Amino acid sequence: MATLFTKIIRGEIPSYKVAENENCYAFLDIYPLRMGHTLVVPKKEVDKLFDLDVDSYRALMMFSKEVANAIKKAFPCNRVGMAVLGLEVPHAHVHLVPLDTMDDLNFARPKLKPTKEQFEEAVGKIRAALN
């Protein structure tokens, strides 16, 4: 059975898509820690990040770097943090979060509840920074 992320990649479940290439898909987290919080997933359905084959892992990291650089431009911050948790969905993925403090990457914090308009604005900013 396809994972939630595979269904998002296929377009069966809507997402706020930030970017996509032949190997990876990036979309806004719908329960963000900060605006710009993006998930990057390989299109290959593998449960654990370190179970990806070398080429898929490299592709994910290179794509994540491009997306992180765009997030930093779109949402000025000290840096973009990367977290790999992987317990909530059995599909390898990384979280990219704009950071100004260590607490910005604290997943125990209450999540933001952006409006559709705020999500669309965030997607537009990141996409513009990618180009």
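The sections below set out a description of the structure shown in this document. (Residues numbered from 1 in each chain as written. Predicted model: local features only at pLDDT ≥ 70, side-chain atom pairs only at ≥ 80, totals over all residues. Heavy atoms only, no water.)

### Describing the sheet that holds strand β4 (residues 79-83)
Strand pairing in a sheet is mediated by backbone hydrogen bonds. Such pairs are either parallel or antiparallel.
At step 1: Across the sheet, five strands lie side by side as β1-β2-β3-β5-β4; this open sheet has antiparallel pairing. Every interior strand has two partners, whereas the edge strands, β1 (17-20) and β4, have only one. Recorded for the sheet is a direction-independent mean angle of 20 degrees between the axes of neighbouring strands.
At step 2: As paired elements, β1 and strand β2 (residues 24-28) share three bridges and run antiparallel to each other. For E20, the partnering residue across the bridge sits in β2 and is Y25.
At step 3: Where helix α2 (residues 54-74) meets the sheet, its contacts fall on β1, β2, β3 (38-42), β4 and β5 (94-99), and the angle it forms with β3 comes to roughly 160 degrees. (Pairing = 2+ DSSP bridges. Helix = DSSP H or I, 4+ residues; strand = E, 2+ residues; numbered from the N terminus. Axes fitted to C-alpha atoms, helices over the stretch in contact; angles between N-to-C directions. Contact = heavy atoms within 4.5 Å.)

### Topic: the nonpolar core
At step 1: One finds V18, L28, V40, F63, V67, L96 and I126 to be the most contacted residues of the largest nonpolar core, which totals 27 residues.
At step 2: Those elements giving two or more residues to this core turn out to be β1, β2, α2, β5 and α3 (116-130).
At step 3: Broken down by element, the residue count for this core peaks at seven residues, all from α2.
At step 4: Those residues within four positions of L96 in sequence are excluded, and the remaining contacts are G36, H37, T38, V40, S64, V67, A68, I71, V80, G81 and M82.
At step 5: Counting residues in hydrophobic clusters, the runner-up holds eight residues, among them I8, Y25, V41 and V89. (Core = buried A, V, L, I, M, F, W, Y, C linked by side-chain atoms within 4.5 Å. Buried < 20%, exposed > 50% of the residue type's maximum accessible area, 1.4 Å probe, protein only.)

### Structural notes on the pattern of salt bridges
At step 1: Under the defined criterion, the tally for this structure stands at nine salt bridges.
At step 2: With a closest N to O distance of 3.6 Å, E12 and R10 form a salt bridge.
At step 3: According to the relative accessible area criterion, E12 is partly exposed, its value standing at 49%.
At step 4: Exposure remark for R10: the relative accessible area of 55% places this residue in the exposed category.
At step 5: In this structure, D104 and R109 form a salt bridge, with 3.4 Å as the shortest nitrogen-oxygen distance. (Salt bridge = Lys/Arg side-chain N within 4 Å of Asp/Glu carboxyl O.)

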